[in-house]
Amino acid sequence: MKRIHLASLLAAAALSACGGGGDDTVADNGNTTQATDAAADKYVGTWATGCFESAYAASGAPDVPLKQITTFKFAKVSDTQLTVEIIPNIYPASGCTGTPAQLPHAGTRNTMTIDASVTVDGQAAEKVTLHTPAIDPGISAGVSIVLNGVVLPGDYFADADTEKALFAVVGNKLQTGADNLGADGYPTAFGSVDFTKQ
């Protein structure tokens, strides 16, 4: 089983977030014009999933999935590019309460590039490309690695990927694409799980 990448995790989700208001004005040859927000601006900040059944289990009960809340921290690099810190918070199988265990992650080395604006099911959305580098390409094992009692896939640290995704910001939610892909490799419809702006 491969490490869960941002696109893979978000593919099952429908997320929406607060966009900027575009309140700033600038003077242009004596005329006042409304400033527009960059495409990346609406993603900046922290987003979190609800409590869901993790792909990981405890080494003492490998057939019982743990619970998970994953946090995404977006920081703007340019008008169309952001870094994405993906923080997997792991909880006991009984639910998402108490202090979570955080799995190792690639920090801010994950990136998202906004490729194009589209309309999907009447909703303004964007096609994006997500790059998730290896956490540490020098660490790998056979079938699995056990870390702090959590069973991880053997390639958890060495796995890297580039994936195409679909995002739409709606209020304080971020909608993401489902698994159905078009000819260009991007999802063609939204998923069903909401991520919320924190």
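See the structure above.
Residues numbered from 1 in each chain as written. Predicted model: local features only at pLDDT ≥ 70, side-chain atom pairs only at ≥ 80, totals over all residues. Heavy atoms only, no water.

Caption draft 1: Seen up close, the packing of aromatic side chains. Summed over all chains, the structure comprises 5 aromatic pairs. A ring pair is formed by Tyr43 and Phe74, whose centres lie 6.1 Å apart and whose planes are at 40°; its orientation type is tilted. Here Phe74 lies in strand β5 (residues 61-78) and Tyr43 lies in the loop between β2 (31-34) and β3 (45-49), a separation of 31 residues in the sequence. Considered together, Tyr43 and Phe74 belong to a single accessibility category, that of buried residues. Relative to Tyr156, the ring of Tyr56 lies with its centre 6.1 Å away and its plane at 80°, an arrangement referred to as edge-to-face. Of the two residues, Tyr56 sits in strand β4 (residues 52-58) while Tyr156 sits in the loop between β11 (150-153) and β12 (161-170), which places them 100 residues apart along the sequence. Per residue, the accessibility class of Tyr56 equals that of Tyr156, and both read buried. (Phe/Tyr/Trp six-rings, centres within 6.5 Å; stacked < 30°, edge-to-face > 60°. Helix = DSSP H or I, 4+ residues; strand = E, 2+ residues; numbered from the N terminus. Buried < 20%, exposed > 50% of the residue type's maximum accessible area, 1.4 Å probe, protein only.)

Caption draft 2: Representation of the environment of Ile139 within the structure. Among the secondary structure elements, Ile139 is positioned in the loop between β9 (123-132) and β10 (144-147). Taking relative accessible area as the criterion, Ile139 reaches 35% and is therefore assigned partly exposed. Taking the C-alpha atoms as reference points, Ile139 and Tyr156, separated by 17 residues in sequence, lie 8.4 Å from one another. If near-sequence neighbours (up to four positions away) are discounted, Ile139 is found in contact with Ile145, Phe157 and Ala158. (Contact = heavy atoms within 4.5 Å.)

Caption draft 3: Layout of unusual backbone geometry. At Asp121, a residue that is not glycine, the phi angle is positive and equals roughly 55°. With respect to the helices, strands and loops of the structure, Asp121 is situated in the loop between β8 (111-120) and β9. Non-glycine residue Asn148 carries a positive phi angle of around 50°. By secondary structure assignment, the location of Asn148 is in the loop between β10 and β11. Note on Asn148: relative accessible area 70%, which makes it exposed.

In short, geometric facts, not functional conclusions.
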